[in-house]
Amino acid sequence: RDPVEKLKQQEVDKYYNNMKERLKKLDANEHDVETEQFPDTSDLTTAVLGGIRRYHQRCGELGRFYTFQADEVHQSENAIPEDIDPDEMKAREMEHEAREDRRRRRLEALPGLLRTLQQEA
């Protein structure tokens, strides 16, 4: 297997393990995260989009809204208020998407960085 592909697959696997941990924190007693189905891919973009999609689906199933940075905060502080302003909800979603986009771009840059390091070695 190509070293770049191997590195990409390792990053995808790490990402999926991270997402499983985040899902476990949402409702540890109710949900078996080992049964979670994520896209079978070594493409980082597909992996991140699939992981984020599943995380938000699960949050919706639970009636909660979490940002990744606030995972450790008590659940009641992250629950969606019943009277939340739609503009505030949209702003929260856009902020979250921007953070995930930055993370995705960093992951996508890894193979190029590896090639550069290999060339310099």
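Residues numbered from 1 in each chain as written. Predicted model: local features only at pLDDT ≥ 70, side-chain atom pairs only at ≥ 80, totals over all residues. Heavy atoms only, no water.

## Let's talk about the confidence of the model for the chain
Across the chain, the average pLDDT comes to 78, with 80% of residues at or above 70. The least confident element of the chain, judged by mean pLDDT, is helix 3 (residues 75-78) at 47; the most confident is helix 1 (residues 3-26) at 87. The low-confidence segment residues 69-77 (pLDDT under 50) makes 11 contacts with residues lying over four places distant or belonging to another chain. (pLDDT = per-residue confidence, 0-100. Helix = DSSP H or I, 4+ residues; strand = E, 2+ residues; numbered from the N terminus. Contact = heavy atoms within 4.5 Å.)

## Describing the pattern of salt bridges
Scanning the model with the defined rule gives 10 salt bridges in all. Residues E36 and R54 are paired through a salt bridge, measuring 2.7 Å at the closest nitrogen-oxygen approach. Separated by 18 residues along the polypeptide, E36 in the loop between helix 1 and helix 2 (44-62) and R54 in helix 2 bring together distant segments of the chain. According to the relative accessible area criterion, E36 is buried, its value standing at 8%. Linking E61 and R58 is a salt bridge whose minimum nitrogen-to-oxygen distance equals 2.5 Å. Taken together, the positions of E61 and R58, both in helix 2 and three residues apart, correspond to about one turn of that helix. (Salt bridge = Lys/Arg side-chain N within 4 Å of Asp/Glu carboxyl O. Buried < 20%, exposed > 50% of the residue type's maximum accessible area, 1.4 Å probe, protein only.)

## Considerations on the packing of helix 1 against helix 4 (residues 86-120)
In contact at an axis separation of 10 Å, helix 1 and helix 4 are set at 150 degrees when each is read in the N-to-C sense. Accordingly, the angle class assigned to the pair helix 1 and helix 4 is roughly antiparallel. Here helix 1 and helix 4 pass one another in a crossing that is right-handed. Where helix 1 approaches helix 4, its residues P3, V4, L7, K8, E11 and Y15 are matched on the opposing element by E100, R103, L107, L110, P111, L114, R115 and Q118. In the contact of helix 1 with helix 4, the residues fall into eight nonpolar, one polar and five charged. (Axes fitted to C-alpha atoms, helices over the stretch in contact; angles between N-to-C directions. Parallel < 35°, antiparallel > 145°, perpendicular 65-115°, else oblique. Left-handed = near helix turned anticlockwise from the far one by under 90°. Nonpolar A, V, L, I, M, F, W, Y, C, P; charged D, E, K, R; others polar.)

## Points about the side chain of H96
Note that H96 resides in helix 4. A distance of 2.8 Å separates polar atoms of two side chains, one belonging to H96 and the other to H56. (Polar contact = N/O pair within 3.5 Å; in protein donor to acceptor, adjacent residues only side chain to side chain.)

## Regarding the packing of aromatic side chains
Evaluation of the coordinates by the stated rule reveals two aromatic pairs. Both rings, one in Y16 and one in F38, keep their centres 4.7 Å apart while their planes meet at 15 degrees; by these two values the pair is stacked. Residue Y16 is located in helix 1, and its partner F38 is located in the loop between helix 1 and helix 2; the two are separated by 22 residues in the primary sequence. Y16 sits in the buried class, given a relative accessible area of 10%. Among the aromatic residues, ring-to-ring pairing joins Y15, Y16 and F38 into one connected group. (Phe/Tyr/Trp six-rings, centres within 6.5 Å; stacked < 30°, edge-to-face > 60°.)

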